[in-house]
Amino acid sequence: MERARDLVHDGAIPAATFGRRSLVDSGVYRDGRRVASPASLGETFALLRAEDTAQEGSFAWMGLYRPAEDELESLAAEFGLHELAVEDAVLAHQRPKLERYGDTLFVVLRAARYVDEREEVEFGELHLFIGPDFVITVRHAESPDLALVRRRMEEQPELLALGTEAVLYAVLDVVVDGFAPVLRGLEQDVDEIESQVFGGDPAVSRRIYELSREVVDFQRAVAPLTQMLAGLSAGFAKYRVDEELQRYLRDVADHVTVATERIEGFRVMLRDILTVNATLVAQRQNEEMRSLTEASYAQSEEVKKISAWAAILFAPTVVGGVYGMNFEVMPELGWAWGYPFALALMLGVSVLLFTLFRRRGWL
């Protein structure tokens, strides 16, 4: 550690890199065992250069959380990182990918976490730089917890002794294992939505749409891993990857395949549920329209009956009104049969109207 500080004071390591800022943990490993825990990036660089640690089988693992641009620039200057990869790590918001720049691998992963309280999928972005003697992990979210990965690897020195690619596979493994709780949460949401659809919940359409978006986002985080793992597999022979690491990678690839298939199944189910929901909504609307039509028809029938009876009752009133006018010259006024004639006329008009309305179905 004193040698590292001397290199900083001598100007071999920029002083700006010595202060602890976004560095969460840093360790130097030899033959799978931790031999030093530098407190800053500057000390880590110095230890890698020191003669007592710069040996074959030694590497540094630096974990950073939302680092500043100048910190990543110091890492780029020290390890020769490609400027495009550094830019991606600074800006974040990248899709999962694997790129090789010389002897350095740049990997972008998207971890997923299911939040029960909000019934939502939360995503975190993780960037890795893997070189012959260094591993740099850059997190832009709380998950995944790489401290658990580091602890597990340190408890298996024989695996950590396989080199920096062992760290990459361990991180891939923990990210992919984190997909299982998300799949269970999404499956439970799909089951609940099915119950809501057949229960006639009017708010289910919005939930189907929101869950469909989460499934699509989750698929975007998982699907690229298939090609990424295939690319790593293709380099087994070229880069002489240890057989144990190959088994790890194949296991991760199997889990990714299962996750991809289940996500596609969720998409199909949600699409079918949305179709069924639209059909049920249309049926309910048709039933409501039919009910309104039947009510309108019944109301119309009642109006017809009321109108018919009003017309029948109105006819005698007209006749009575004519004979009730105060005119002196009316032929029927002096006629002995005038009154019976008026009554017969009232009755006859009423019977005639009743017959007509009955034939038309109004009564």
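Refer to the preceding data block for the structure.
Being a predicted model, the structure only gives us computed values, none of them experimental.

Caption draft 1: How the structure looks around the pairing of strand S3 (residues 58-65). Of all eight residues in S3, seven are buried, a share of seventy percent or more. Relative to S3, strand S1 (residues 23-30) runs antiparallel, the two being bridged by seven bridges. Along S3, the bridge assignment pairs Ser-26 with Met-62. Of the strand pairs in this sheet, S3 and strand S7 (residues 134-139) are connected by six bridges, and their pairing is parallel. Along S7, the bridge assignment pairs Trp-61 with Val-135.

Caption draft 2: Examining unusual backbone geometry more closely. With an omega dihedral of 0 degrees, the bond running from Ser-143 to Pro-144 counts as a cis peptide bond. Even without a glycine there, the phi angle at Arg-66 is positive, about 45 degrees. Here Glu-119, not a glycine, exhibits a phi torsion of approximately 50 degrees, which is positive. Looking at the secondary structure, you find Glu-119 in the loop between strand S5 (104-115) and strand S6 (120-130). Glu-119 sits in the partly exposed class, given a relative accessible area of 32%.

Caption draft 3: Up close: the packing of aromatic side chains. Tallied over the entire structure, the rule returns seven aromatic pairs. For the pair Tyr-29 and Trp-61, a centre-to-centre distance of 6.3 Å together with 45 degrees between the ring planes defines the contact as tilted. Placement of the pair is Tyr-29 in strand S1 and Trp-61 in strand S3, with a sequence separation of 32 residues. There is no split in this pair, since Tyr-29 and Trp-61 are both buried. Ring-pair connections join several aromatic residues into one group, and the members of that group are Tyr-29, Phe-59 and Trp-61. In this arrangement the basic side chain of Arg-150 is found over the ring face of Trp-61, its NZ or CZ atom lying 4.3 Å from the centre.

Caption draft 4: Here's a closer look at the layout of surface pockets. The calculated volume of the second largest pocket comes to roughly 170 Å³. Around the second largest pocket sit Val-24, Asp-25, Trp-61, Gly-63, Leu-64, Thr-137, Arg-139, Asp-145, Leu-146, Ala-147 and Arg-150, which together line it. Contributing elements (two or more residues each) for the lining of the second largest pocket: S1, S3, S7 and helix H5 (146-154). Residue composition of the lining of the second largest pocket, grouped by class: five nonpolar, two polar and four charged.

Caption draft 5: Inspection of the pattern of salt bridges at higher detail. In this structure the tally under the stated criterion is 18 salt bridges. Between Glu-78 and Arg-49 there is a salt bridge, with its nearest N and O atoms 2.7 Å apart. One end of the pair, Glu-78, is in helix H3 (residues 69-79); the other, Arg-49, is in helix H2 (residues 41-49), with 29 residues separating them in the sequence. Owing to a relative accessible area of 22%, Glu-78 belongs among the partly exposed residues under this scheme. Where Arg-207 meets Asp-189, a salt bridge forms, and the shortest distance between an N and an O atom there is 3.4 Å. Taken together, the positions of Arg-207 in helix H9 (residues 204-234) and Asp-189 in helix H8 (residues 179-199) put the pair 18 residues apart, joining distant regions of the chain. With a relative accessible area of 2%, Asp-189 lands in the buried category. Linked by salt bridges that have partners in common, Asp-25, Arg-34, Arg-150 and Glu-154 make up one network.

Caption draft 6: Just the side chain of Arg-139, in detail. Assignment of secondary structure puts Arg-139 in strand S7. Despite its burial, Arg-139 remains without a salt bridge, the nearest opposite charge being carried by Glu-142 at 4.7 Å. With residues near it in sequence (within four places) discarded, Arg-139 still touches Val-24, Leu-64, Tyr-65, Arg-66, Glu-125, Leu-126, Pro-144 and Leu-146.

Caption draft 7: Fine view of the packing of helix H7 (residues 164-177) against H8. Running from N to C, H7 and H8 point in directions that differ by 15 degrees, and their axes come no closer than 5 Å. Taken as axis vectors, H7 and H8 run roughly parallel relative to one another. Judged by residue contacts, Val-175, Val-176 and Asp-177 of H7 engage Phe-179, Ala-180 and Pro-181 from H8. Split by residue class, the contact of H7 with H8 holds five nonpolar, no polar and one charged.

Criteria and cut-off values
- Residues numbered from 1 in each chain as written.
- Predicted model: local features only at pLDDT ≥ 70, side-chain atom pairs only at ≥ 80, totals over all residues.
- Heavy atoms only, no water.
- Buried < 20%, exposed > 50% of the residue type's maximum accessible area, 1.4 Å probe, protein only.
- Helix = DSSP H or I, 4+ residues; strand = E, 2+ residues; numbered from the N terminus.
- Pairing = 2+ DSSP bridges.
- Phe/Tyr/Trp six-rings, centres within 6.5 Å; stacked < 30°, edge-to-face > 60°.
- Lys NZ or Arg CZ within 6 Å of the ring centre and 35° of its normal.
- 1 Å grid on protein atoms, 1.4 Å probe; cavity = no way out; pocket = protein on both sides within 12 Å on 5 of 7 lines; lining within 4 Å.
- Points joined across faces, edges and corners; volume = space filled by probe spheres on them.
- Nonpolar A, V, L, I, M, F, W, Y, C, P; charged D, E, K, R; others polar.
- Salt bridge = Lys/Arg side-chain N within 4 Å of Asp/Glu carboxyl O.
- Lys, Arg positive; Asp, Glu negative; His and termini not counted.
- Contact = heavy atoms within 4.5 Å.
- Axes fitted to C-alpha atoms, helices over the stretch in contact; angles between N-to-C directions.
- Parallel < 35°, antiparallel > 145°, perpendicular 65-115°, else oblique.

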